[in-house]
Amino acid sequence: MNGVNGMKPKLLINVGIEHCATTPLYYTLSVDQQYCHAGHKKEFNYLYLIERKGQTKAARKIFNLRSYNRDDDRKPPFLNTWKWDISEMPEFCEEPFTIEKYIAYYLKHWEHIKYDYESLADFSNTNVQLSTQFLYEIKTILEVHFDVKWIIILRDPIRRLYSYSRNNKRFRKHILNKKYPNYVEICERYKHICGNRFYPIMMERFWEDPSGLSEFLEYPITKVHENVFWPEKGIDFIKMEYLQDQWSVEEPMSDENLELAKKEMAHLYKDGIYET
């Protein structure tokens, strides 16, 4: 199965990262611009399940697709227009999870969207956890079938960690236990593996000017979706529809924890991505 013009179908794989606005980024590209469509779910976590041989609770979401898909209720109804009956491919929802099933699913989905969208998409945040060896293996296989590009969206490290933590108690614990991603290491790894097919997005910059991603995708991005995380409002955030995963902050960040975070996470701001 080829693209509309006889070319390989495009596949945009988002690496992550959670609480960096991956959902409004996906809506920007799937709803507002109609560039890519991920299928029945924004996040299948399928590649993650393949590497871990299904030994994770994420597998339950795949099994449940045969009877219930939470995305049908929590994502914009517009996206449901291109969803086909998953019973047409029952093996996709069964173990073992394999790269062959992953490819077959997206090739089938392409047949349903190819006249309305430019690309397929996988927006699973667990992609950031894939091992280097596994990435090399699947990259080679995927490129036989798809024109693959990889992206990652990043956000101010302290603000991201606080959204992830929800409150000051958990925030302080996560700071001291260093439970936060190292953007530089992640980006360097994917850049080494994917070369110029990988593009990092800074959330705050993208919502002011999406031209960089537009150039990378070779597709005009003329509108960005509303985003709970930007402009930054802290505890006074607006509960925007279909962005429930961003409604996380329960209380204002304390001055004490902010100072602790600045001290303990200072190294994350010395990489040229974010500046203090």
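Before any of the text, the structure's been laid out above.
The rules behind the values
Residues numbered from 1 in each chain as written. Predicted model: local features only at pLDDT ≥ 70, side-chain atom pairs only at ≥ 80, totals over all residues. Heavy atoms only, no water. Helix = DSSP H or I, 4+ residues; strand = E, 2+ residues; numbered from the N terminus. Pairing = 2+ DSSP bridges. Contact = heavy atoms within 4.5 Å. Axes fitted to C-alpha atoms, helices over the stretch in contact; angles between N-to-C directions. Core = buried A, V, L, I, M, F, W, Y, C linked by side-chain atoms within 4.5 Å. Buried < 20%, exposed > 50% of the residue type's maximum accessible area, 1.4 Å probe, protein only.

This part covers unusual backbone geometry. Along the chain, Gly16 connects to Ile17 via a cis peptide bond; the corresponding omega equals 10°. Looking at where Ile17 falls in the secondary structure, it is placed in the loop between β1 (10-14) and α1 (22-32). Each neighbour pair has its own omega, and for Glu95 with Pro96 the value is 0°, a cis peptide bond. Residue position: Pro96 is located in the loop between α4 (71-74) and α5 (99-113). Phi at Gln34 is positive, roughly 50°, even though this residue is not glycine.

The subject of this paragraph is the sheet that holds strand β5 (residues 198-202). The pairing of strands in a sheet comes from backbone hydrogen bonds and takes either a parallel or an antiparallel form. With respect to topology, five strands assemble into an open sheet ordered β2-β3-β1-β4-β5, the strand pairing being parallel. Looking at the sheet topology across the chains shown, the edges are occupied by β2 (36-37) and β5. Inspection of the sheet shows β1 paired to strand β4 (residues 147-154) by five bridges, in the parallel sense. Following the sheet pairing, Leu11 is matched in β4 by Val148. Together, β1 and β4 form the strand contacts of helix α6 (residues 132-145), whose direction differs from that of β4 by roughly 135°. Taken strand by strand, helix α9 (residues 183-194) contacts β4 and β5, and its axis lies near 170° from that of β4.

To continue, consider the nonpolar core. Leu25, Tyr102, Trp150 and Leu213 are the most contacted members of the largest nonpolar core, which totals 92 residues. At eight residues, the largest contribution of residues to this core is made by α5. Setting aside residues up to four positions removed in sequence, Tyr102 forms contacts with Leu11, Ile13, Tyr46, Leu47, Ile50, Phe92, Asp122 and Leu142.

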